[in-house]
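Survey of secondary and tertiary structure
If you want the building blocks of each chain, they are given just below.
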Amino acid sequence: MSDVVDVAIIGAGPYGLSLAAHLRAANVNYRHFGVPMRLWRGAMPQGMYLKSQGFASNLSDPAGRHTLEAFCQATSHPYQGYGLPVPLENFVNYGQWFQSQLDLKVEEVFVTGMARRGDGSGLTLADGEEFVARRVVVAIGVEHFAYLPQTLAGLPASMCTHSSAHTDLAAFRGQQVVVVGAGQSALESAALLHENGATVQVLARRNVIGWNGQPLNPVRPLLQRLREPEAGLGSGWSTWFYSNHPELFRRLPQRTRVYRARTALGPAGASWLRLRVEGQLPVRTGQTVTAATALDGKVQLTIAASDGRVTADHVIAATGYRIDLNRLDFLPDAIRSSLRTVGGSAAVGGDYQSSVPGLYFIGPSVAPSMGPVMRFVFGARHAATTVSRALAGVSGRTASAAGTADR
Ligand SMILES: Cc1cc2nc3c(=O)[nH]c(=O)nc-3n(C[C@H](O)[C@H](O)[C@H](O)COP(=O)(O)OP(=O)(O)OC[C@H]3O[C@@H](n4cnc5c(N)ncnc54)[C@H](O)[C@@H]3O)c2cc1C
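Residues numbered from 1 in each chain as written. Predicted model: local features only at pLDDT ≥ 70, side-chain atom pairs only at ≥ 80, totals over all residues. Heavy atoms only, no water.

Comments concerning the sheet that holds strand β14 (residues 309-312)
Spatial ordering of the open sheet is given by β12-β13-β14, a layout of three strands whose pairing is antiparallel. Among the strands making up the open sheet, the edge pair consists of β12 (289-295) and β14. Ignoring which end each strand starts from, the neighbouring axes of this sheet average 20° apart. When strand β13 (residues 298-303) meets β14, the two strands line up antiparallel, connected through four bridges. When the bridges of β14 are listed, Q300 appears paired with T311. (Pairing = 2+ DSSP bridges. Helix = DSSP H or I, 4+ residues; strand = E, 2+ residues; numbered from the N terminus. Axes fitted to C-alpha atoms, helices over the stretch in contact; angles between N-to-C directions.)

Points about the site of the ligand
In the vicinity of the ligand lie 32 residues, with V35, K51, S52, H144 and V377 positioned nearest. Here an oxygen atom of the ligand sits 2.8 Å away from a polar atom, N or O, in the main chain of A12. Considering the ligand on its own, with 980 Å² of exposed area, one finds that the protein chains cover 93% of that surface. Taken together, the elements giving at least two residues each to the shell around the ligand come down to α1 (14-25) and α2 (38-42). For the shell around the ligand, a count of residues per class yields 21 nonpolar, seven polar and four charged. (Near = heavy atom within 4 Å. Polar contact = N/O pair within 3.5 Å; in protein donor to acceptor, adjacent residues only side chain to side chain. Areas by Shrake-Rupley, 256 points an atom, 1.4 Å probe, with all protein chains shown as cover. Nonpolar A, V, L, I, M, F, W, Y, C, P; charged D, E, K, R; others polar.)

Thoughts on the sheet that holds strand β6 (residues 160-162)
Spatial ordering of the open sheet is given by β6-β15-β7-β8-β11, a layout of five strands whose pairing is parallel. In this open sheet, the two strands that pair with only one neighbour each are β6 and β11 (283-284). Pairing of strand β7 (residues 176-180) with strand β8 (residues 199-203) involves five bridges; the strand directions are parallel. If you follow V177 over to β8, its bridge partner there is V200. Packing of helix α6 (residues 184-195) onto the sheet brings it into contact with β7, β8 and β15 (314-317), and relative to β7 it is tilted by some 165°. (Contact = heavy atoms within 4.5 Å.)

Things to note about the pattern of salt bridges
If you walk through the whole model with that rule in mind, you get nine salt bridges. Across the pair K298 and D313 runs a salt bridge, and its minimum N-O distance is 2.9 Å. Of this pair, K298 sits in strand β13 while D313 sits in the loop between β14 and β15, and the two are 15 residues apart along the sequence. Bridged by salt links that share partners, the residues R31, E107 and E129 form one connected network. (Salt bridge = Lys/Arg side-chain N within 4 Å of Asp/Glu carboxyl O.)

As for the environment of P85
Within the element layout of this structure, P85 appears in the loop between α3 (68-75) and α4 (88-101). Between the alpha carbons of P85 and Y49 there is a distance of 6.0 Å; along the sequence they are 36 residues apart. When sequence neighbours within four positions are dropped, the list of residues in contact with P85 reads Y49 and W272.

Some words on the packing of α3 against α4
Running from amino to carboxyl end, α3 crosses α4 at an angle of 95°, the nearest separation of the two axes being 10 Å. When the interaxial angle is binned, α3 and α4 end up roughly perpendicular. Taking contact as the criterion, the partners of L68, A70, F71 and A74 in α3 are, on α4, N90, N93, Y94 and W97. (Parallel < 35°, antiparallel > 145°, perpendicular 65-115°, else oblique.)

Quick look at a positive patch on the surface
A cluster of basic residues, R205, R206, R262 and R322, forms a positive patch at the surface. Note that R322 resides in the loop between β15 and α12 (333-336). (Patch = residues over 30% accessible without salt bridge, like charges linked within 9 Å, V, L, I, M, F, W, Y side chains within 5 Å. Lys, Arg positive; Asp, Glu negative; His and termini not counted. Charge placed at Lys NZ, Arg CZ, Asp CG, Glu CD.)

Things to note about the side chain of S57
Take S57: it is sitting in the loop between α2 and α3. Taking relative accessible area as the criterion, S57 reaches 0% and is therefore assigned buried. Engagement of the side chain of S57 in a polar contact is seen with the side chain of S52, the distance being 2.8 Å. Once you skip the residues sitting within four places of it in the chain, S57 turns out to touch L50, S52, L68, F91, Y94 and V377. (Buried < 20%, exposed > 50% of the residue type's maximum accessible area, 1.4 Å probe, protein only.)

Written as structure tokens, this is what we have:
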């Protein structure tokens, strides 16, 4: 058994790396586990662009100096805060640059077990090491939560995959591919498949595909800015609220929070993607897949509305992620059953602490507590500054743990 450590961070995506930057600056003794930027390197297609604007795609360090803009300047990549989509490759390299510039040590090993030990948690690593951390921050993003609809789940993996299974869509050149979904991931995957020589169609359950408008000019007249403010997650007053005030979102009634966390900023394609989809490939709306079978090496999908059939070589389910704590293998039943939940996620208080003392959650899994901003990189700053203050003991201890916060 190794020495006791003050803090363990589980996860090295934008949230985990940002928190590490803050803890390091605050001289907190911590250990950090996970594969840096793994979701971005291993579960997104080459050629993808970020949907978030450049200015809203920063990891957070206390001095605010290690921004995407600073990375682009240092490495001679083009950058604009608004209106210039960020290539996935740049963002992955930015994450690695952030880590090396700030000298953040990440141990590339997974946490496989956790148990309560006195005032802290005993953690087990995949390499067999066990140690105790006084406080643990779970920043595991969405990779454990890929959602495949029941109707598609019975198909063999050679014929049906979740969108997160692909980094190289050129592998489908010459094949017939159906993409199920209506969000950015579905539409961008379809565009990339088409551009890489696949015959692709999109089946969307919704009746209309949503497209985001062009980014607003940040220097437009004051009246226009007051009418429709621009914020990290997009424009408009509700979006401004979600972007900038997770601590107030947390005060909304639970039902409202759960609903908003799920539906705000719902499926829509980025404005720059529209021309690569419309008129280029079939996007069939109002199509609910009710059955799927493998037949003679092909997939046959049955569609509810038309009672029609669609045949393809492969189906890609761009059907998103659903947080489900039961899928976190490292969380034992004893801890899981002590966690107060909201919308299927761990409920957290104003300091991101769950109802299990010393166990914190940050990132997409706490959207029902802190709002939709947690589903985006932009929320990393709030999470990292708040949690690091709490963990460094300088928060004044005003925030309450989840067990009491929402009563
Ligand atoms: C296709 C796609 C496109 C997206 N585009 C955007 C965008 O343009 N802008 C935006 O703001 N957001 C975007 N998102 C949302 C994005 O997922 C989040 O903004 C962000 O990745 C959340 O960061 P995170 O640090 O919480 O988790 P992640 O980036 O998912 O990182 C999770 C980390 O946890 C680690 N981990 C997991 N399990 C364990 C374990 N048991 N032990 C140790 N480590 C573990 C992994 O190795 C990884 O390091 C997109 C998501 C997807 C799927």
